[in-house]
Each structure stands twice: as C-alpha cells, then as structure tokens.
Amino acid sequence: MTSLPNREPGASRLGLVIDLDTCVGCHACAVACKQWNDGGHMAPLTDTDAYGSGPDGVWFNRIHSFEAGTEQGGCGSRTTNFPRSCLHCEQPACVTVCPTGASYKRAEDGIVLVNEDLCIGCKLCSWACPYGAREFDQDVGVMKKCTLCIDRIHNETLAESERVPACVMVCPTSARHFGDLADPSSAVSKLVAERGGYDLMPELGYEPTNKYLPPRPRPALALDERVTRDSANDDLPLHGLLKWADRILAR
Amino acid sequence: MHPAFSIIFFTSAAGAGYGLLALLGLLAPFGLLPASPLFGLAALALALGLVVAGLLSSLAHLGRPERAWRALSQWRSSWLSREGVAAVATFLPAGVFAIAWLFLGGGVAGVAGWITAAMAAVTVYCTAMIYASLKPIRQWANPWVPRTYLALSLMTGALLLNALLGVVGQASAWSSLLALASVALAWAAKEGHWRHCATARAVSTAETATGLGHIGRVRLLDAPHSEDNYLLKEMGFRVGRRHAVRLRLITRLAAFALPAALSLGALVVGPGALSGTLALLAAAAAALGVIAERWLFFAEAKHTVTLFYGAGEA
C-alpha cells in the first residue's frame, strides 16, 4: 500500500545524522554500502561496463564536494564534503506516487523500502524524489534504493555493536551517526540539538528524517600580506648585500 | 528530464485519441456527425486506435512491462495508478457508445457518449497530474500543466475530427470553427505555461539543497563519479534546452499557427475537396507540433537533483 502509514505513538524513526564538519570525503561509506548491499536486501547493485570506457551502476551513497561562500574570496570559503543518500522522509512522495504498491514506508521504524517483486520499473519514484535517492537497475528492470541496511540493523546474528548501517560502521572519522530520531533522548537527537542539525530542501515539505550537521564556524583568516603585498612599490627593510642588489636591480 | 520517446508518443497520441473520442461522444448524440456507419467506424477506430497505441507505447517505458497490471492497484495515492484505472474504465462506456452509435442510435448512444466524453477528460487530467504532482520539477508542478494537457487533447481531437469530416466531404463551418477555437485555446494555454516557467522564481537552489547557504554562495567542486550515472541521464538531460528557442518556434508554427491558418482556410473555401485537404494538412502539422511541444515539456523540465551536480537553481 503506497498510502503512508499512520504513525503509532512510540514508534521509532530510524535515520542518519551526517556531520559535514568531520567528513573528509574519502568515499569509504559509498564503497562499504556498495559491498554490503550487493549481497543484501536490494541485491544486486548492478554495474554495467564496469571495466570499460563508460562504467555505470547503482549506488546508494554518492559523495559530492562543494565550496560554500564562493563570493568571499581568498581564504573565506569552505570546502565541504557532502555524502548524499536516502533521507527516509516523513512525507516521501516516492512512496505515494508508486502505482503498484512496491514502494512503502514502514510504520514501525519509518524506513522507506521497495518490494522488488511488485516494482514495474516506471521510474516515477525517482522523479518524485528531490534528493536523487532512487536509482534504476536497468539489468533487473526495477528501482533500487538505500534500505538503511535493514538486514544489518535488525540482524541478531551480528554482534550488537555491528547492528548499524555499513556506511556508519566504516566511516573512519565517525562523520555518520545512526539512531532513533523520534526519541529526543537518543544520542543522534542530542547531536542534532547541540549542533543545529538541519533538513535538506525543507521548502519542498518532504520532512527528511536524516539530518546534516553544519561545518563548525571557524575564525575568518585575514588575507596574508606576504601574499597580497605589491612588492614593486614597497620600501623593503633590506640590509647589506640584499640592499646593494636591490639598488643595482632598481636602476 | 530525459524525453523518452515512448512517453512522448504515449501522451500525445493518447491525448489526441481521447480528444477525438470525447468530441465523438459529445457531438454524435446531437446528430451533428454523419449518420453513415462507415464514418462512425472509421472515427472510432482512429480514436481508440490512438488511445491503444499510446497506452501500449507507455508500457515500453517500463522496466518490467509484464507486471503493468499491478499499476491499477494504488489509485488512492498515485496519479499514475488513477490514470491507468481511468484509461481502462473509459473503454466500458466507449464500447457501449460505439455499439449504440453504430447499430442502435437513440438515447443509449447519448448517455454513453457523454459518459465517454467525461471519462476521456478525466483520463487526460490524470495523465497531466502525474507530472503536475511532482514537486521537484517546478516547470511541471503548476496548474498550467493540466490546462495545457486538456487543451492540447481537445485541439488535436478537434483537428482530427475536422480532417475526418473533410475526407468524407462533410467538413462544415462548425467543425472548422471548433478546430480554430480549440487551437486558440491550446495556444493560449501553452503560452501561459511558458510564461509561468519563465517568470516563476526557482524554489530550490544549491544553497537550500546543501544547507550551506549560511556560509555563502555554493558551487560544486567535485562530482561523486567521473562518469555519467542514472540520475544525470534521467534527470539532467540538456540537449533539448540547448535547442529550446528553435523547438519553441517549431511548436508555435506546427502546433498552432499552421493548423489555425489551415483551419481558417478550410472555413473560408467552404465544403469540398480543397477544404478537406486543408483540414488534413492542419491535423498533420499539429501532430508534428505536439510531438515537438511534448519533447520540450520534458527536455526543459529541470529536476532538483541537478542542484547536487552543479546547477545553481531548479
């Protein structure tokens, strides 16, 4: 059923909190995700022409790099690595547009999933997602998306410390955090409150579950005068041999 | 957005078919159409043929077409599902109307005809709402989209009807006037849509997409991958935008100006072989023009996912 479920009181809302301050853009999350999910719930994550001239394939994580503050010049702008994956929205239009009932949002934990046996591959859900979270598998003919590693987080055969999504598990700088964002006392909710975690494109009204933590403010570096000084017109404090060379060269 | 030909053909052919079907259903009960069963058969075959060809073409767009029947299940939430249900449901009154009109005549044809016309309009409206309900694409998520789809469906249907009447030598002043009026309506709707797209402010920007606007203007430094991917192929299509000016000129000429001039010509010369030829040419020009319009409808639509790949606003 592609109508959205009624939220039960006390239901959890599982998601990720991604720290743009500490992400170093190493793509380990994308690779670990690809590795786990290629054998997981949504398998396979088909690649085509993987070693050829036009490689293509399905990825649930894609890591962009942005420069923010481009107008500030010099050292004023910030380079920010930006992991992008499914945000498991509270108002997921990707679910409601689905004509077959293949897409659904779980009432118990809010995870958005695709039942691949029902999917007709009409691609409309990928058009309805503003964030580019859904990718079409042209080999299987159905839509694929992040499962929040549903086959890890509820997997009792794994050690409890490993019951987190593969991208969170692998991150070398702990820039990715997993938890229940419906519970205000959870570690992720506290992190969001402390650091001012925010939604992507809030103006569209999708109410993403995943939050992003902004880069921490840092002191604005003044432009270094050794770089900016116009030495041709400067009175340089020169002595001895350098002073003599300067005088000769200035003739 | 990538202009898949299967979808372009589906929306334009089925739109014309439903337009013609609606006009037949509306007008036949008034006795405005030729009584010959041969005309009725040809007109219904053309209308339903276009609808069926369009629907079959839409299946070609699917990754798993053999499961297409499942798309009829989620009409509570999905406009695509509603469109499928409406399309299938329209065949019922259309079948009753066809039998009644061709063989029985009388009241049954009247009621079934009007229900068919209403259902055809509902189906075209549902098709338009598939696009108009997508918030990430601001060129689509506005009321001009259903207006344009409905008006273009009426226009292509009226031009086909005029051409059919012309072929059997029964073109009349009213059918040419109807064609002319529907072209004017559709042209106005399309210009309204284009003006809306040109003047409405972009809702989302690279700054809102990344949430980094508080630092300043945002630009992409590095894309995630060095090669193309599904998102860019499907949502980042740029070829059509490069030729937008020329394609708009083609649309204005072939879809609107030429059919209007040719229909006016048919009106002026009066019934006969010449007016029939003019009406046929008007329909042919509109077919080309509507395909150009539909191509542009997709190619000029800009999805918010492009904000993550270097677009400033969408």
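Cut-off values and rules
- Residues numbered from 1 in each chain as written.
- Chains lettered and ligands numbered in written order.
- Predicted model: local features only at pLDDT ≥ 70, side-chain atom pairs only at ≥ 80, totals over all residues.
- Heavy atoms only, no water.
- Contact = heavy atoms within 4.5 Å.
- Buried area = accessible area lost by both parts, 1.4 Å probe.
- Salt bridge = Lys/Arg side-chain N within 4 Å of Asp/Glu carboxyl O.
- Polar contact = N/O pair within 3.5 Å; in protein donor to acceptor, adjacent residues only side chain to side chain.
- Helix = DSSP H or I, 4+ residues; strand = E, 2+ residues; numbered from the N terminus.
- Nonpolar A, V, L, I, M, F, W, Y, C, P; charged D, E, K, R; others polar.
- Pairing = 2+ DSSP bridges.
- Core = buried A, V, L, I, M, F, W, Y, C linked by side-chain atoms within 4.5 Å.
- Buried < 20%, exposed > 50% of the residue type's maximum accessible area, 1.4 Å probe, protein only.
- Domains from an automatic or database assignment.
- Axes fitted to C-alpha atoms, helices over the stretch in contact; angles between N-to-C directions.
- Parallel < 35°, antiparallel > 145°, perpendicular 65-115°, else oblique.
- Left-handed = near helix turned anticlockwise from the far one by under 90°.
- Phe/Tyr/Trp six-rings, centres within 6.5 Å; stacked < 30°, edge-to-face > 60°.
- Lys NZ or Arg CZ within 6 Å of the ring centre and 35° of its normal.

Participant: Hey, could you run me through the interface of chain A and chain B in this one?
Facilitator: How big an interface is tends to be stated in terms of the accessible area lost upon association of its parts. Counting residues at the interface gives 65 residues for chain A, matched by 58 residues for chain B. Carbon and sulfur atoms make up 61% of the surface buried where chain A meets chain B, a total of about 4,900 Å² over both sides. For the chain A face of the interface with chain B, the top three residues by lost area are Phe66, Ile120 and Trp127 of chain A, together amounting to 16%. Applying the counting criterion to the chain A and chain B interface returns two salt bridges. Across the pair lysine 233 of chain B and aspartate 56 of chain A runs a salt bridge, and its minimum N-O distance is 2.4 Å. Applying the counting rule to chain A against chain B returns 35 residue pairs in polar contact (both at pLDDT 80 or more). Looking at the side of chain A that touches chain B, the elements that each hand over two or more residues are strand S4 (62-68), strand S5 (78-84), helix H3 (124-128), strand S8 (135-137) and strand S9 (142-144) of chain A. In terms of residue count, S4 of chain A provides more of the side of chain A that touches chain B than any other element does, seven residues in total. Residue classes in the side of chain A that touches chain B are distributed as 33 nonpolar, 20 polar and twelve charged. Of the strand pairs in this sheet, S4 of chain A and strand S1 (residues 218-222) of chain B are connected by four bridges, and their pairing is antiparallel. Counterpart to phenylalanine 66 of chain A in the pairing with S1 of chain B is leucine 220 of chain B.

Participant: Teacher, can you tell me more about the nonpolar core here?
Facilitator: Among the nonpolar cores identified, the biggest contains 144 residues, and Leu24, Tyr131, Trp140 and Phe308 of chain B are the most heavily contacted of them. No fewer than three residues from each of domain 1 (1-133) and domain 2 (170-314) of chain B sit in this core. Counting residues in hydrophobic clusters, the runner-up holds six residues, among them Val17, Leu181, Leu191 and Leu213 of chain A.

Participant: I'm lost on the sheet that holds S1 of chain B in this one. Help?
Facilitator: Sheet strands pair via backbone hydrogen bonds, and the direction of the pair is either parallel or antiparallel. Read across the sheet, three strands follow the order S5(A)-S4(A)-S1(B) without closing on themselves; strand pairing throughout is antiparallel. Unpaired on one side and paired on the other, S5 of chain A together with S1 of chain B mark the two borders of the sheet. Going from strand to strand, the sheet's axes swing by 35 degrees on average, the running direction of each strand aside.

Participant: How should I be thinking about the domain arrangement of chain B in this particular structure?
Facilitator: Residues and elements named next belong to chain B. Domain assignment breaks chain B into domain 1 (1-133) and domain 2 (170-314). Taking only C-alpha atoms into account, the centre of domain 1 sits 23 Å from that of domain 2. Facing 14 residues of domain 1, the contacting portion of domain 2 comprises 16 residues. A per-residue breakdown of the area domain 1 buries against domain 2 is headed by Met1, His2 and Pro3, which together make up 45% of the total. Linking domain 1 with domain 2 are zero salt bridges. The interface formed by domain 1 and domain 2 holds four residue pairs in polar contact (both at pLDDT 80 or more) in total. If one sorts the elements of the side of domain 1 that touches domain 2 by residue count, helix H1 (residues 5-27) sits on top with seven residues.

Participant: How should I be thinking about the side chain of arginine 62 of chain A in this particular structure?
Facilitator: Turning to its location among the elements, arginine 62 of chain A is positioned in strand S4. Overall, the relative accessible area of 2% leaves arginine 62 of chain A in the buried class. Looking at arginine 62 of chain A, its side chain comes within polar contact range of the main-chain oxygen of glycine 57 of chain A, at 3.3 Å. Reaching out from arginine 62 of chain A, the side chain makes a polar contact with the side chain of histidine 225 of chain B at a distance of 3.0 Å. If we ignore the near neighbours within four places in the chain, the residues touching arginine 62 of chain A are Gly57, Phe82, Pro83, Arg84 and Glu135 of chain A together with Pro224, His225, Asn229, Leu231 and Tyr309 of chain B.

Participant: Explain the side chain of arginine 78 of chain A here, please?
Facilitator: With respect to the helices, strands and loops of the structure, arginine 78 of chain A is situated in strand S5. From its side chain, arginine 78 of chain A meets the backbone oxygen of arginine 216 of chain A in a polar contact 2.9 Å long. Those residues within four positions of arginine 78 of chain A in sequence are excluded, and the remaining contacts are Asp21, Phe66, Glu67, Ala68, Pro215, Arg216, Pro217 and Arg218 of chain A together with Ile215 of chain B.

Participant: Help me out: how do you make sense of the packing of helix H6 (residues 173-199) of chain B against helix H10 (residues 244-269) of chain B in this one?
Facilitator: The description of two helices packed together rests on the angle between their axes and the distance between the axes. Residue and element names in this part refer to chain B. Look at H6 against H10: their axes get within 8 Å of each other, and the N-to-C directions meet at 160 degrees. The angle between H6 and H10 places the two elements in the roughly antiparallel class. Regarding H6 and H10, the two cross each other, and that crossing is left-handed. For the pair formed by H6 and H10, the contact residues are Ala173, Ser176, Leu177, Ala179, Leu180, Val183, Ala186, Trp187, Lys190, Glu191 and Trp194 on the first element and Arg248, Thr251, Arg252, Ala255, Phe256, Ala257, Pro259, Ala260, Ser263, Leu264, Ala266 and Leu267 on the second. Class assignment for the residues of the contact of H6 with H10 results in 16 nonpolar, three polar and four charged.

Participant: Is there a simple way to think about the packing of aromatic side chains in this case?
Facilitator: Here a ring pair, both rings aromatic, is described through the centre-centre distance and the interplanar angle of the planes. All names here are of chain B. In this structure the tally under the stated criterion is 21 aromatic pairs over all chains. A ring pair is formed by phenylalanine 30 and tryptophan 114, whose centres lie 5.7 Å apart and whose planes are at 45 degrees; its orientation type is tilted. Of this pair, phenylalanine 30 sits in the loop between H1 and helix H2 (37-60) while tryptophan 114 sits in helix H4 (residues 107-132); the two residues are 84 residues apart in sequence, bridging distant segments of the chain. Across from the ring centre of tryptophan 79, 4.5 Å away, lies the NZ or CZ of arginine 82, which sits over that ring. Positioned above the aromatic ring of tyrosine 149, the side-chain terminus of arginine 294 is 4.1 Å from the ring centre.

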